[in-house]
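Examining the three-dimensional arrangement
Each chain, written out:
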Amino acid sequence: MTTAFWTANATFFSLRDYPRHMNCPKVLEDAIEGLYVAFSGYPLPEDTMPCGGCHSPNANDLLHAEPLRKLEWKHLNEYADEALLVWGDLDCFKHFLPRIFDLLLNASDWKKRTPSPEGVFRRFHYGEWRTWPRGEQSAVEKLLKAVWETVRSNPPIEGGYIDVDQWLCSISQCEDDIGAYLDQWMDDERLSASWALSTLILGSTIAYTGTDHGVPVWEDDPDRIAKIQEWFNKVPHRGAWWKHCGPQYAQLQEWVRSPAVLEKLRREQTSCGNSEMERELATALRCVREARSTKWQPVYRNRRSEERR
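Treat the numbers as computed from the prediction; the structure is a model and nothing was measured. (Residues numbered from 1 in each chain as written. Predicted model: local features only at pLDDT ≥ 70, side-chain atom pairs only at ≥ 80, totals over all residues. Heavy atoms only, no water.)

A word on the packing of helix α10 (residues 179-187) against helix α13 (residues 246-256). Following both chains from N to C, one finds α10 and α13 inclined at 25°, their axes separated by 10 Å at the closest point. If you check the angle between α10 and α13, you find them roughly parallel. The two elements α10 and α13 meet at a crossing, and its hand is right-handed. The residues of α13 that touch α10, namely those facing G179, L182, W185 and M186, are Q251, L252 and W255. (Axes fitted to C-alpha atoms, helices over the stretch in contact; angles between N-to-C directions. Helix = DSSP H or I, 4+ residues; strand = E, 2+ residues; numbered from the N terminus. Parallel < 35°, antiparallel > 145°, perpendicular 65-115°, else oblique. Left-handed = near helix turned anticlockwise from the far one by under 90°. Contact = heavy atoms within 4.5 Å.)

What follows is about the nonpolar core. Of all hydrophobic cores here, the largest spans 73 residues; its most connected members are Y79, I100, F101, F124, L143 and W185. Looking at which element gives the most residues to this core, the answer is helix α5 (residues 90-106), with 9 residues. When sequence neighbours within four positions are dropped, the list of residues in contact with I100 reads W73, L76, Y79, A80, F93 and V120. (Core = buried A, V, L, I, M, F, W, Y, C linked by side-chain atoms within 4.5 Å. Buried < 20%, exposed > 50% of the residue type's maximum accessible area, 1.4 Å probe, protein only.)

On to the layout of surface pockets. Here the second largest pocket defines a volume of roughly 190 Å³. Lining the second largest pocket are 14 residues, with H125, W129, Q173, C174 and D176 positioned closest to its centre. Here the lining of the second largest pocket takes 3 residues from helix α7 (residues 117-126), the largest share from any one element. The residue makeup of the lining of the second largest pocket, split by class, is 4 nonpolar, 5 polar and 5 charged. (1 Å grid on protein atoms, 1.4 Å probe; cavity = no way out; pocket = protein on both sides within 12 Å on 5 of 7 lines; lining within 4 Å. Points joined across faces, edges and corners; volume = space filled by probe spheres on them. Nonpolar A, V, L, I, M, F, W, Y, C, P; charged D, E, K, R; others polar.)

As structure tokens, then:
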């Protein structure tokens, strides 16, 4: 299903109907190809310098097993997790960079083998990408914008590829200020963008009415309340990778609680023309209005999973 299909057919489909990987529209394909072009001048080193104490003796051989565009996660997953820290230098990373992000954003088996997107995007921070030549910076900027466009263009998939919080966190590993991305979200009038917003809200501890484990505004079942209290005690207040991006996280919190976001949700609720989407958007709207906690925690996924059983 293409982005154009979703935009032209703004109706609710069962989550079961969606593919289990992110649609890769032309804007993302072009951005990935742009990486191959921008970083084509970096040859494959004979020795990629894996840490001898951290990796097997054949670690370097894995990176030489196939031509760049034919490498798979079985070759690159460990390197993608540890590049620039205990494996290789910056020129080595720039050689593999296009293929790593090609696989990360366009491989259907990402859940089985892929390192966390946040961790892979963090490589840009370690590599101080804002000091790179202008053409290379432009290619990375194009990639980040394409990822964000793709996330907003695709209906969220519970248990699948699209995780709005995860991709915002990934972008935040690279950008010190995510205001421009939030502005784009605000201006995006597509139903897919509003659905992404409700997913973020309902997948956070904004669903709580307070830090005292009060009743979530969308649920009155005592058994469910006990489960949520248990989750609250066990699950970190936010995804672990956000710890590197406190200012960006604060931006996101402030934006989600803003009057403009409330109005965006209200406007979409009244115009979407689908009863299930109306309920979802109304629930997100109520959560933002009534919640006093801004600690993020996944509850939306559990609720959706239970509804499908």
